[in-house]
Amino acid sequence: MENNYSNYDLDTLDIQILSILMEDASIPYTEIAKKLIVSGGTIHVRMKKMEELGIIRGSNLIINPQKVGFDITAFLGIYLDKGSQYADAVEQLKKIKEVVELHYCTGQYSIFAKIICRDTGHLRKVLNEDIQSVKGIQRTETIISLEESIKRQISLI
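Since the model is a prediction, treat every value here as computed from it, not as a measurement.

Here we come to the overall build of the protein chain. If you tally the helices and strands in the protein chain, you get five helices and four strands. Along the chain direction, N to C, the helices and strands of the protein chain fall in the order α-α-α-β-α-β-β-α-β. Taken over C-alpha atoms, the radius of gyration comes to 20 Å for the protein chain, far larger than the 15 Å a tight globule of 157 residues would show. Principal-axis analysis of the C-alpha atoms places the extent of the protein chain at approximately 55 × 35 × 25 Å. In the protein chain, which comprises 157 residues, the share counted as buried stands at 34%. In the protein chain, 67% of the contacts between residues at least 6 apart in sequence involve partners at least 24 apart. Of the accessible surface of the protein chain, which amounts to about 10900 Å², a share of 50% is contributed by carbon and sulfur atoms. If the 19 positive side-chain charges of the protein chain are averaged to one point and the 21 negative ones to another, these points end up 3 Å apart.

Okay, here's the thing in structure tokens:
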């Protein structure tokens, strides 16, 4: 069960720890402790607490999709037949590995998705065979990204 962020007030040390790790998640706790002039145990305890509260949801290795042959990033506005089909549609969309983000949103779309594919042929297959076969999807609109100019975490400072 993930707890709500507002149940825990981040103090200055928590923010400093998170800021350092958001820049480089591979930094050892001992090095963070030296920078912040606290013990390694303090860093470990703080991190464990923030993980338990759901503030930290893990750490990831970030690859550049283009360097491994995935050259197309597209955003997909998805129209559902009925809003009540959202949960079922999400479960089906989770099974499509090219779907890397999914958002329930306001506005003209019911769902907004980010998908990453190898090329336009792969994108066409994902759209026509995978996405369009999801029960409840009425239609989609595709926006192809030409360049990602900014990608970052929120700033805590």
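In this section: the pairing of strand S1 (residues 72-80). Buried residues dominate S1, accounting for eight of its nine residues. In terms of strand pairing, S1 meets strand S4 (residues 137-145) through eight bridges, oriented antiparallel. Across the sheet, residue Ala74 finds its bridge partner in S4, namely Ile144.

You'll often see interface size given as the accessible area lost when the parts meet. Looking at the protein chain, the domain boundaries give domain 1 (12-53) and domain 2 (65-145). Placing a centre on the C-alpha atoms of domain 1 and another on those of domain 2 gives a separation of 36 Å.

Our focus in this paragraph is the packing of helix H1 (residues 12-23) against helix H3 (residues 40-52). Close contact between H1 and H3 brings their axes to 11 Å; oriented N to C, the two are set at 85 degrees. Here H1 is positioned roughly perpendicular relative to H3, judged by the angle of their axes. Counted together, Leu13, Asp14, Ile17, Leu18 and Leu21 of H1 and Thr42, Ile43, Arg46, Met47 and Met50 of H3 form the full contact between these two elements. Among the residues making up the contact of H1 with H3, the classes are represented as seven nonpolar, one polar and two charged.

Rules used in this analysis
- Along each chain, residues carry numbers from 1 onward, in the same order as the chain's sequence is written.
- Side-chain atom pairs in this predicted model are given and counted only at pLDDT of 80 or more, local residue features only at pLDDT of at least 70, and totals for whole chains, interfaces and linings cover all residues.
- Working from all heavy atoms in the structure, the side-chain values ignore hydrogens and water.
- Secondary structure elements follow DSSP: runs of H or I of four or more residues count as helices, runs of E of two or more count as strands, with numbering from the N terminus.
- The globule rule is 2.2 Å times the number of residues to the power 0.38, and the radius of gyration it is compared with is taken over C-alpha atoms.
- Each residue is assigned to one of three classes by its accessible area relative to the maximum for its type, calculated with a 1.4 Å probe on protein chains only: buried under 20%, partly exposed between the two thresholds, exposed over 50%.
- Only heavy atoms matter for contacts: two residues are in contact if any of them lie within 4.5 Å across the pair.
- Using the Shrake-Rupley algorithm and a 1.4 Å probe, accessible areas are obtained, with residue cover drawn only from the displayed protein chains.
- All tallies of charge rest on Lys and Arg as positive and Asp and Glu as negative; His and the ends of each chain are not included.
- By convention, the point assigned to a charge is CZ for Arg, NZ for Lys, CD for Glu and CG for Asp.
- Here, a strand pair is defined by DSSP locating no fewer than two bridges between the strands.
- Domain segmentation is taken from an automatic or database assignment of domains.
- Axis definition: a line fitted to C-alpha atoms, limited for helices to the stretch in contact. Angles are taken between N-to-C directions and run from 0 to 180 degrees.
- Orientation categories follow fixed angle ranges, with anything under 35 degrees roughly parallel, anything over 145 roughly antiparallel, 65 to 115 roughly perpendicular, and all other angles oblique.
- Gly falls in the polar group here, along with every residue not listed as nonpolar (Ala, Val, Leu, Ile, Met, Phe, Trp, Tyr, Cys, Pro) or charged (Asp, Glu, Lys, Arg).

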